[in-house]
Amino acid sequence: MFKNALVYQIEHWDQPSLTEIEDRLSGARFVECGATQPLSAGWVAPRGNQHAALAESVGGQLMLKLCTETKAVPGSVVKTQLQAQLDAIEQQTGRRPKGKQAKEVKEAVVHALLPRAFPKRTDTLVWLDPAARLLWVGAGSTKKADGVVMQLIELLGGGLKLSLLQTELSPATAMSTWLTEKEAPAGFSIDRECELKQPDSEKACVRYTRHTLDIDEVAEHIRQGKLPTQLALTWAGRVSFVLTEALTLKKIELLDVVLEGAGGDAGKAGADDDGFDADVALFTGELRQLLPALVEALGGLHERQASGPTPAPVPAAAASTAAADTPDVAPWDEVPA
């Protein structure tokens, strides 16, 4: 499922039927790049089967997958070919192309080389949680996630309006407090990975990897002005991840206690089940419990986004079954305690 994720709040969406969503996605199905096409993006079946649905609904959670294919010519090859073309033109005309003319020659070189370029594909998983009014994008950067969001807004209809999830405390401020006071927020533990950067033109950076962080040295870096940009955390002993200053969750991993507890349920899947439904139920069930706890640790939702009281973290014992069998999931401000 997700290794990285950015979360958006659904501010408005008159959700179409699953059939209509499927039809809309079918109109933008992925097609591989043409011979001279540098980029192609479209929707594929999240289940991985070529003939499966493009929109999968599991326990009230809607899963989509965007496939992007790029073809790039190595810069060194373009440079060599470009210089040869410019030299040839200079010998023929006595003048070396510059400015706009040189740019046009370069574009022609790239266009000629593209048919020989190897394509590269990447998949981006999208999880829509309508009841909780949240959209999860499996991306590690806002630039990549925003590109997916723009496609969804144009494609899904229903007046879809999204905004990047914001909390009252910035992650950098909260992480600074946790590291300085050597105390993790309730329900979390601080792991052994951290990055600190000086917020100036030099961007001096200190990284700790596989290193305990409850030491005076880390607090001293913060007192000198460095800010945490990444911090590894574990929630309830069940999910580990790296929190970034942009409120991105990276290196998401379900821990053994979760996977072992789900092992028995996996064996109950039907003969035609590829495990996708069980994976979705397990993963979304855990993250739907983690996120309210993380938001609370960051001071709650930003005032502009808050539509009710910030949900309290759910006890770890309840997390494993939160969304596995019940399609009637609770909205964002009514997650059961």
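Everything numeric here is computed off the predicted structure, so don't read it as measured data.

Procedures and definitions
- Within each chain, residue numbers correspond to sequence positions counted from 1 in written order.
- Local features in a predicted model are, by the rule used here, given only for residues with pLDDT of at least 70; side-chain atom pairs are given and counted only at 80 or more, and totals for whole chains, interfaces and linings are based on all residues.
- As a rule here, side-chain values come from all non-hydrogen atoms in the structure, and water together with hydrogens is ignored.
- In this description, a nonpolar core means a group of buried Ala, Val, Leu, Ile, Met, Phe, Trp, Tyr and Cys residues linked to one another through side-chain atoms lying within 4.5 Å.
- Type-normalised accessible area, obtained with a 1.4 Å probe on protein chains alone, sets the label of each residue: buried when under 20%, exposed when over 50%, and partly exposed for intermediate values.
- Helix and strand definitions here come from DSSP, where helices need a minimum of 4 consecutive H or I residues and strands a minimum of 2 consecutive E residues; each element is numbered from the N-terminal end.
- Throughout, a contact is declared for two residues whenever any of their heavy atoms are within 4.5 Å.
- This arc corresponds to the set of directions leading from the helix axis out to the C-beta atoms.
- Here, a strand pair is defined by DSSP locating no fewer than two bridges between the strands.
- Per-residue confidence from the predictor is given as pLDDT, running between 0 and 100.
- A fitted line through C-alpha atoms represents every axis, and for helices the fit uses only the stretch in contact; the resulting angles, taken between N-to-C directions, go from 0 to 180 degrees.
- Working definition: roughly parallel below 35 degrees, roughly antiparallel above 145 degrees, roughly perpendicular at 65 to 115 degrees, and oblique for all remaining angles.
- Each crossing gets its hand from how the near helix is turned against the far one by less than a right angle, where anticlockwise is left-handed and clockwise is right-handed.
- Any residue that is not Ala, Val, Leu, Ile, Met, Phe, Trp, Tyr, Cys, Pro, Asp, Glu, Lys or Arg is counted as polar, Gly included; the first ten are nonpolar and the last four charged.
- Any Lys or Arg side-chain nitrogen found within 4 Å of a carboxyl oxygen on Asp or Glu counts as a salt bridge.

### Structural notes on the nonpolar core
Piece 1. Core analysis: the biggest nonpolar cluster contains 48 residues, and Trp136, Trp178, Phe241, Leu243, Ile252 and Leu294 have the highest contact counts within it.
Piece 2. For this core, the leading source of residues is helix H8 (residues 276–297), giving eleven residues.
Piece 3. Not counting chain neighbours up to four residues away, the residues in contact with Ile252 comprise Phe2, Lys3, Asn4, Ala5, Val239, Ser240, Phe241, Phe283 and Leu287.

### With respect to helix H6 (residues 216–223)
Piece 1. Turning to H6, its buried residues number three or more, namely Val218, Ala219, His221 and Ile222. The arc that holds the buried residues of H6, viewed along the axis, is 155°, so those residues lie on one side. Opposite the buried face of H6, at more than 90 degrees from it, the exposed residues are Asp216 and Arg223.
Piece 2. On the buried face of H6, the contacting elements are helix H5 (171–181), strand S8 (188–197), strand S9 (205–209) and strand S10 (227–235).
Piece 3. Looking at the residues trailing H6, positive phi occurs at Gly225, about 115°.

### Focus: H5
Piece 1. Those residues of H5 lying buried are Pro171, Ala172, Ala174, Met175, Ser176, Trp178 and Leu179.
Piece 2. Looking at the buried residues of H5, the elements they touch are S8, H6, S10, strand S11 (239–244) and H8.
Piece 3. Just past H5, the residue Lys182 takes up positive phi, approximately 55°.

### Focus on the pairing of S9
Piece 1. Covered by surrounding structure in S9 are Val206 and Tyr208 only, the residues Cys205, Arg207 and Thr209 on the alternate face being uncovered.
Piece 2. One ladder, built from five bridges, connects S8 with S9; its direction is antiparallel. Bridged to Glu193 within S9 is Thr209.

### Examining the confidence of the model for the protein chain
Piece 1. Averaged over every residue, the pLDDT of the protein chain is 88; the share at 70 or more is 88%.
Piece 2. Note on residues 308–337: pLDDT is under 50 here. Beyond four places in sequence and across chains, it has 62 contacts.

### Observations concerning the packing of H5 against H6
Piece 1. It is at 8 Å that the axes of H5 and H6 come closest, and there the two elements cross at 140°. What the angle tells us is that H5 and H6 run oblique. Of the two possible hands of crossing, H5 and H6 adopt the one that is left-handed. Across the interface between the two elements, Ser176, Leu179 and Thr180 from H5 touch Val218, Ala219, Ile222 and Arg223 from H6.
Piece 2. Class assignment of the residues belonging to the contact of H5 with H6 gives a composition of four nonpolar, two polar and one charged.

### A short note on the pattern of salt bridges
Piece 1. For the structure on display, the rule yields 14 salt bridges.
Piece 2. Arg121 is the partner of Glu69 in a salt bridge, and the nearest nitrogen-oxygen pair spans 2.6 Å. Taken together, the residues Glu69 in strand S4 (residues 61–71) and Arg121 in strand S5 (residues 119–129) connect sequence positions 52 residues apart.
Piece 3. Since its relative accessible area comes to 3%, Glu69 is described here as buried.

### Section: the sheet that holds S11
Piece 1. If you walk across this open sheet you meet the five strands as S9-S8-S10-S11-S12, and the pairing is antiparallel. Each edge of the open sheet is held by one strand with a lone partner, namely S9 and strand S12 (249–254). Taking each pair of neighbouring strands and ignoring which way they run, the sheet shows an average axis angle of 15°.
Piece 2. Where S10 and S11 come together, six bridges link them in antiparallel fashion. Looking at the pairing, Leu231 lines up with Leu243 of S11.
Piece 3. Its contacts with the sheet place H5 against S8, S10 and S11, and it is angled at close to 70° to S10.
Piece 4. Contacts from H6 reach S8, S9 and S10, with the element oriented near 155° to S9.

### A short note on the packing of helix H2 (residues 75–93) against helix H3 (residues 99–113)
Piece 1. Interaxial distance between H2 and H3 falls to 9 Å at its minimum, and their mutual angle equals 125°. Classified by the angle between their axes, H2 and H3 sit oblique to one another. Viewed along their axes, H2 and H3 form a crossing whose handedness is right-handed. Residue-level contacts link Val77, Val78, Gln81, Leu82, Gln85, Leu86 and Ile89 of H2 to Ala102, Val105, Lys106, Val109, Val110 and Leu113 of H3.
Piece 2. Of the residues assigned to the contact of H2 with H3, the class counts are ten nonpolar, two polar and one charged.

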